[in-house]
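Inside the fold
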Amino acid sequence: MKFVQIIDFETERIDEMRELAQEAEKRSVGRDGGPTHRMLLQDRNTPNRYFVVIEFESYEDAMRNSNDPETTRMAERMAALCTRPPQFTDCDVREMTEIK
């Protein structure tokens, strides 16, 4: 079953956050068990609030990724750019439909 992690954070340094995310993506290309998709969303009503939606093939893949020391270092670097601690929500994907 696919698994999604949603990260809710606030920052005034989104360009630096995006650079860190791109570095992480480069490291995970071709690696088994890493994220399959990533989406960055910005809250229209709170401009410095963002959500990152990261998809994995399974919960187990996500946990292996979370336990990787490199992921921990990247998360620490990203948290340092936030104006409040990020909040994480873990979700099992129950249904996904391609509309168009």
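Here, every reference points to the structure presented above.
What comes next is a walk through the structure. What you are looking at is a predicted structure, and each value in this text was computed from that prediction instead of being measured.

Considering the overall build of the chain
Helices and strands together make up the secondary structure of the chain, namely three helices and four strands. From first element to last, N terminus to C terminus, the chain shows the α and β order β-α-β-β-α-α-β. Its C-alpha atoms give the chain a radius of gyration of 14 Å, near enough to 13 Å, the size a compact globule of 100 residues would have. For the chain, with 100 residues in total, the buried portion stands at 31%. Across the chain, the fraction of contacts at a sequence separation of at least 24, relative to all contacts at a separation of at least 6, is 72%. For the chain, the exposed area adds up to about 7200 Å²; of that, 49% sits on carbon and sulfur atoms. Averaging the positions of the 15 positive and the 21 negative side-chain charges in the chain gives two centres separated by 3 Å.

What about the nonpolar core?
Core analysis: the biggest nonpolar cluster contains 17 residues, and Phe 9, Met 17 and Met 78 have the highest contact counts within it. Broken down by element, the residue count for this core peaks at five residues, all from helix H1 (residues 14-28). Once residues within four sequence positions are removed from consideration, Phe 9 is found in contact with Ile 14, Met 17, Leu 40, Asn 48, Arg 49, Tyr 50, Val 52, Cys 82, Arg 84 and Pro 86.

Focus on the state of the cysteines
Taken as a whole and judged by the stated rule, the model has zero disulfides. Considering cysteine sulfurs only, Cys 91 is the nearest to Cys 82, which forms no disulfide, with 19 Å between them. The exposure class assigned to Cys 82 is buried, which follows from its relative accessible area of 14%. Residue Cys 91 is classed as partly exposed on the basis of its relative accessible area of 26%.

Examining the pattern of salt bridges
In the structure shown here, the tally under the stated rule is 12 salt bridges. Between Glu 10 and Arg 84 there is a salt bridge, with the nearest N and O atoms lying 3.2 Å from each other. With Glu 10 in strand S1 (residues 3-10) and Arg 84 in the loop between helix H3 (69-80) and strand S4 (87-92), this residue pair connects regions lying 74 residues apart in the sequence. On the basis of relative accessibility, which here comes to 24%, the residue Glu 10 falls in the partly exposed class. Members of the salt-bridge network, linked through shared partners, are Asp 8, Glu 10, Asp 43, Arg 49 and Arg 84.

Thresholds, definitions, all that
- Residues numbered from 1 in each chain as written.
- Predicted model: local features only at pLDDT ≥ 70, side-chain atom pairs only at ≥ 80, totals over all residues.
- Heavy atoms only, no water.
- Helix = DSSP H or I, 4+ residues; strand = E, 2+ residues; numbered from the N terminus.
- Rg over C-alpha atoms; globule rule 2.2 N^0.38 Å.
- Buried < 20%, exposed > 50% of the residue type's maximum accessible area, 1.4 Å probe, protein only.
- Contact = heavy atoms within 4.5 Å.
- Areas by Shrake-Rupley, 256 points an atom, 1.4 Å probe, with all protein chains shown as cover.
- Lys, Arg positive; Asp, Glu negative; His and termini not counted.
- Charge placed at Lys NZ, Arg CZ, Asp CG, Glu CD.
- Core = buried A, V, L, I, M, F, W, Y, C linked by side-chain atoms within 4.5 Å.
- Disulfide = S-S within 2.5 Å.
- Salt bridge = Lys/Arg side-chain N within 4 Å of Asp/Glu carboxyl O.

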